[in-house]
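# Tertiary structure, described
So you can see what is in the structure, the chains are spelled out below.
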Amino acid sequence: MGTRGYRVYHYRNMYFPYYHHLDSYPHGLGVKILNSMRSPHAITSQKQELKEIFDEWDGSSDSEWDLDENHMASTGITSKRPKYGIVDAEWIYEIDLDHNIFHVNGIPFYSLECLPDDDDFLEHISEDHYEKLACAPGCPPQYKYKRPIPPVVGDSDLATYQSLVCTGPRADLSDLLATSHILTPNEQVRVSLLEMMIGQCIILLDFVTAAELIYELDISHHTRLADENWSAACSMANLAFVPQIFDGSSGFVHHLQLSRKEFTWVREDTVVCIATHLDDERCLQASISRLINAILEQQDVPGDYFGVAFSVAHCAIIKVVKHAHTTTFSHTAALQFVPSPYADSPSTPGITALARLGYRVDPAIFVRATEICRWRRGMKSDKWRSDHNQSFAEGANDAPPSVSCAVLPPELWQEIALYLGLQDILSLGLVSKLCREAASTTLRYPHVCGHRLVAVSKEMPECLLKYRRFLYAASFSTAQVSGIPAPVVFGFRPGVTFNIPFSDSILSSRVY
């Protein structure tokens, strides 16, 4: 029974870890801890005991207790939360006395004020539809943890929201985008691809990071997000806005790394900020105020601008209409972004909204695509980018001086572009302004490992129906250089792999 585990108490925003070198399964250490907290006055007694330890603590640095994050001390005090998958333990039971929550491996399970009996506890230890530890959906509501109240938002944080004219609170995204409620086939492709990538992110995130982002239990303000949590959140939001070009191990595609800052301009007219507790009205309005301020400070030119408040659990989209002398705005409600743990569909309003927003026409799509692609034919990336910059600077002439070509109608150039591979599309865009428009239109299709995704498969392959693989994999009709459509499944091993931007994770594809 040599199963390693930890019993951890969270009190006064500090952690008190106790190592157990054996019998740490739920029916062993788990039940033991549960019984200790179910006894009368257990919460009060445990707080008093920890208070005495804390008062006698000499303030030793965290490093005394947690030098390498692999072996926590048998006892001690640390500001670092012992994370499942990082510390050397198979089970971690955390008693959060600051919020009265019982956690198992970083996942919130119960309210300490109403704990189940032993049999129910063991029955509630389950796996969700993403194969992650979760509390079983049949757990009675009286046992489930109570989400802490959202942070207090001061009136000054709402000043911008309240001082400008809001033409549409809780507006529908189609109204913000001035488009139809019905998704086009190309939008369906973008939505399905984003659904698949978000499903893979859920699987690949460690337990604690996922729980901290989704449940927002110990985050009082967006500035207090740990760097790894900010990176995970911003990466997921950016998946909708990067050029939809993804490659495997060839090194042809290299998406730029994100650096932490309050606002990330994902396009010239679109800004993203990482937020928390967007399902609280005042927190939502405060985040919208931040986005409006960022847009007004950054953009002097009248026009339409968009902002995204993103928290992984939810997202909200704002449209700012800036005139010469007035500014108005409208926004969606807080939309669910990540699917629930026991979801039967990968679709959420937030994923659909972000994918549609990212699909809008981007005048800079060709330049952005060349910035992430590296030439394969022996040409160094820096030299290639230098050559491109020179070409861009040469201007808006319909054809650069060094190139002569017959004038063809735009529709024909577009047809030509649809028969080209990605490298040739980028080369075509350097020929003339007209060719660049054709290349830019073609680049609105996702390009994955040499495949251009042109439609979502009408019928789901049987392999995706098993084990709910459709939550993190998807099937598309693709067009290759030959122009012959071919069905491809992405996100399902074994197969060809391609990288998820901003991370070391990979997705797989299988060609049928």
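For the structure itself, consult the block above.
Residues numbered from 1 in each chain as written. Predicted model: local features only at pLDDT ≥ 70, side-chain atom pairs only at ≥ 80, totals over all residues. Heavy atoms only, no water.

### Considerations on empty space enclosed by the protein
This model, assessed by the stated rule, comprises two cavities of 30 Å³ or more. Every residue lining the largest cavity is counted, 14 residues in all, and those nearest its centre are Arg190, Gly358, Arg360, Asp362 and Ile365. Where the lining of the largest cavity is concerned, the elements lending two or more residues are helix H10 (349-359) and helix H11 (365-372). Within the lining of the largest cavity, the residues separate by chemical class into six nonpolar, two polar and six charged. Its boundaries defined by the atoms lining it, the second largest cavity holds a volume of some 40 Å³. In terms of lining, the second largest cavity is formed by Arg190, Leu193, Leu194, Met197, Leu239, Ala240, Gln244 and Ala355. By residue number, the principal contributor to the lining of the second largest cavity is helix H6 (residues 185-204), which donates four residues. (1 Å grid on protein atoms, 1.4 Å probe; cavity = no way out; pocket = protein on both sides within 12 Å on 5 of 7 lines; lining within 4 Å. Points joined across faces, edges and corners; volume = space filled by probe spheres on them. Helix = DSSP H or I, 4+ residues; strand = E, 2+ residues; numbered from the N terminus. Nonpolar A, V, L, I, M, F, W, Y, C, P; charged D, E, K, R; others polar.)

### Let's talk about the packing of helix H7 (residues 207-215) against helix H8 (residues 227-238)
Relative orientation of the contacting elements H7 and H8 amounts to 70°, with a least axis distance of 10 Å. As summarised for this structure, H7 and H8 are arranged roughly perpendicular, according to the angle between their axes. You can see that H7 and H8 cross each other, and the crossing is right-handed. Here Thr209, Glu212 and Leu213 of H7 come into contact with H8, specifically with Asn229, Ala232 and Ala233. Among the residues making up the contact of H7 with H8, the classes are represented as three nonpolar, two polar and one charged. (Axes fitted to C-alpha atoms, helices over the stretch in contact; angles between N-to-C directions. Parallel < 35°, antiparallel > 145°, perpendicular 65-115°, else oblique. Left-handed = near helix turned anticlockwise from the far one by under 90°. Contact = heavy atoms within 4.5 Å.)

### Considering the packing of helix H13 (residues 410-417) against helix H15 (residues 433-442)
H15 packs onto H13 with a crossing angle of 50° between their chain directions and a minimal axis gap of 9 Å. In this view, H13 runs oblique relative to H15, as classed from their interaxial angle. Between H13 and H15 lies a crossing of right-handed hand. Residue-level contacts link Pro410, Trp413, Gln414 and Ala417 of H13 to Leu434, Cys435, Ala438, Thr441 and Thr442 of H15. Within the contact of H13 with H15, the residues separate by chemical class into six nonpolar, three polar and no charged.

### Brief notes about the side chain of histidine 255
Mapped onto the elements, histidine 255 comes out in the loop between strand E9 (245-246) and strand E10 (263-267). Here the side chain of histidine 255 touches isoleucine 245 through a polar contact of 2.8 Å, landing on its backbone oxygen. (Polar contact = N/O pair within 3.5 Å; in protein donor to acceptor, adjacent residues only side chain to side chain.)

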